[in-house]
Amino acid sequence: MAVNTQQLIRYKKEGRLITVLTAWDYLIAQVIDQAGVDLIMVGDSLAMVALGYENTIPLTLDEIIHHAKAVRRGVKTTLLVVDLPFMTYQESPEQALRSAGRVLKETGAQAVKLEGGSPAMVQTVARLVEAGIPVMGHVGLTPQSVHQFGGFRKQGKSPEAGERILEEAIALEQAGAFAIVLEHIPAELALRISQKLVIPTIGIGAGAHCDGQVLVTADLLGLSEWSPPFAKAYANLRETIAQAAQAFCTEVREHQFPKSEPES
Ligand code: KIV
């Protein structure tokens, strides 16, 4: 049965942990959809893992829509959420409406995710929700603010900073967000936020007490050149692919592949 945003809130009530993975193309989406993940996210991390940018800042709306359309074709049952790239929603609620509208209409995704919990962002979330667009929030280490943070650093370490993140999460819930990503914050803070909110928290580098967990699939597969310290690789595809490519080169150069007569 297809997963929807309200079901995620029910999962939290039932104490069923939510699983989220990112995808950037048709094949990856098809495999992880069939594996039974609850939510697939076309995260703007695709800027780094699929497009080779240094961070998520350069990614455009057209680029993420292009990838999200491919992902959509691979997804049958999983809830699909697409990130709004940097500066496609920060200007005004109207800009956010235009960008989120394009994402939903052109890709077939069910929801968008945006970063931050400032009063202006909370207003934007409320406007999107009012227009019928489901929104996932994202607080803590919000990678689109990498330059402001001075790097991909853990957030919410001081009591004041932790309090601010908690207040942002509460405000996003009140604005109508259906879930919130908590990235790279202390586990104890993530626990407090998860206990306080009715909507599910999805953690990445935020300890074990969130209502669900997300990983960037390139990290999960051991494909990434670099992974954050809190990621876990469940496979080593970087090595597997390199070995396959080397075996192909060897066999071709040594006249072992193809056989002189192709198999019929
Ligand atoms: O861009 C992304 O992949 C994300 C997840 C890591 C939450 O925002």
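So, here's what we can say about the structure. (Residues numbered from 1 in each chain as written. Predicted model: local features only at pLDDT ≥ 70, side-chain atom pairs only at ≥ 80, totals over all residues. Heavy atoms only, no water.)

### Points about helix α6 (residues 119-130)
Each α-helix winds once per 3.6 residues, and so residues spaced three or four apart point in a common direction.
Here comes step 1: Look at α6: 16 Å from first C-alpha to last across 12 residues, which is about the 16 Å you get at 1.5 Å a residue.
Here comes step 2: Of all the residues in α6, the buried ones are Met121, Val122, Thr124, Val125 and Leu128. When α6 is viewed along its axis, its buried side chains cluster within an angular range of 160° and face the same direction. Exposed residues pointing more than 90 degrees away from the buried face of α6 are listed as Pro119, Gln123 and Glu130.
Here comes step 3: Residues of α6 that are buried make contact with α5 (93-107), β4 (111-113), β5 (135-140) and α8 (159-175).
Here comes step 4: Among the residues trailing α6, Gly132 stands out with phi positive, at a value near 90°. (Helix = DSSP H or I, 4+ residues; strand = E, 2+ residues; numbered from the N terminus. Expected span 1.5 Å × (residues − 1). Buried < 20%, exposed > 50% of the residue type's maximum accessible area, 1.4 Å probe, protein only. Arc of directions from axis to C-beta. Contact = heavy atoms within 4.5 Å.)

### Concerning the environment of Ile241
Here comes step 1: Relative to the elements of secondary structure, Ile241 occurs in helix α11 (residues 237-253).
Here comes step 2: Spatially, the C-alpha atom of Ile241 lies 8.9 Å from that of Leu223, the residues being 18 residues apart in sequence.

### Side note on the environment of Gln243
Here comes step 1: Tracing the backbone shows Gln243 in helix α11.
Here comes step 2: Assessed through its relative accessible area of 47%, Gln243 is described here as partly exposed.
Here comes step 3: In sequence terms Gln243 and Tyr89 are 154 residues apart; their C-alpha atoms lie 43 Å from each other.

### Regarding the packing of α6 against α8
Here comes step 1: In the contact formed by α6 and α8, the axes pass within 8 Å of each other and the chain directions differ by 20°. Accordingly, the angle class assigned to the pair α6 and α8 is roughly parallel. As α6 runs across α8, the sense of the crossing is right-handed. Across from Val122, Val125, Ala126 and Val129 in α6, the residues of α8 making contact are Ala171, Leu172 and Ala175. (Axes fitted to C-alpha atoms, helices over the stretch in contact; angles between N-to-C directions. Parallel < 35°, antiparallel > 145°, perpendicular 65-115°, else oblique. Left-handed = near helix turned anticlockwise from the far one by under 90°.)

### Considering unusual backbone geometry
Here comes step 1: For the bond running from Phe257 to Pro258, omega is -5°, close enough to zero to count as cis.
Here comes step 2: With respect to the helices and strands, the residue Pro258 is situated in the segment after α11.
Here comes step 3: Look at Met87: it is not a glycine, yet its phi comes out positive at around 65°.
Here comes step 4: When you line up the elements, Met87 lands in the loop between β3 (79-83) and α5.
Here comes step 5: On the accessibility criterion, Met87 (39% relative accessible area) is partly exposed.
Here comes step 6: Of note in the backbone geometry, His184 takes a positive phi value of approximately 50° without being a glycine.
Here comes step 7: Of note, His184 is situated in the loop between β6 (179-183) and α9 (187-196).

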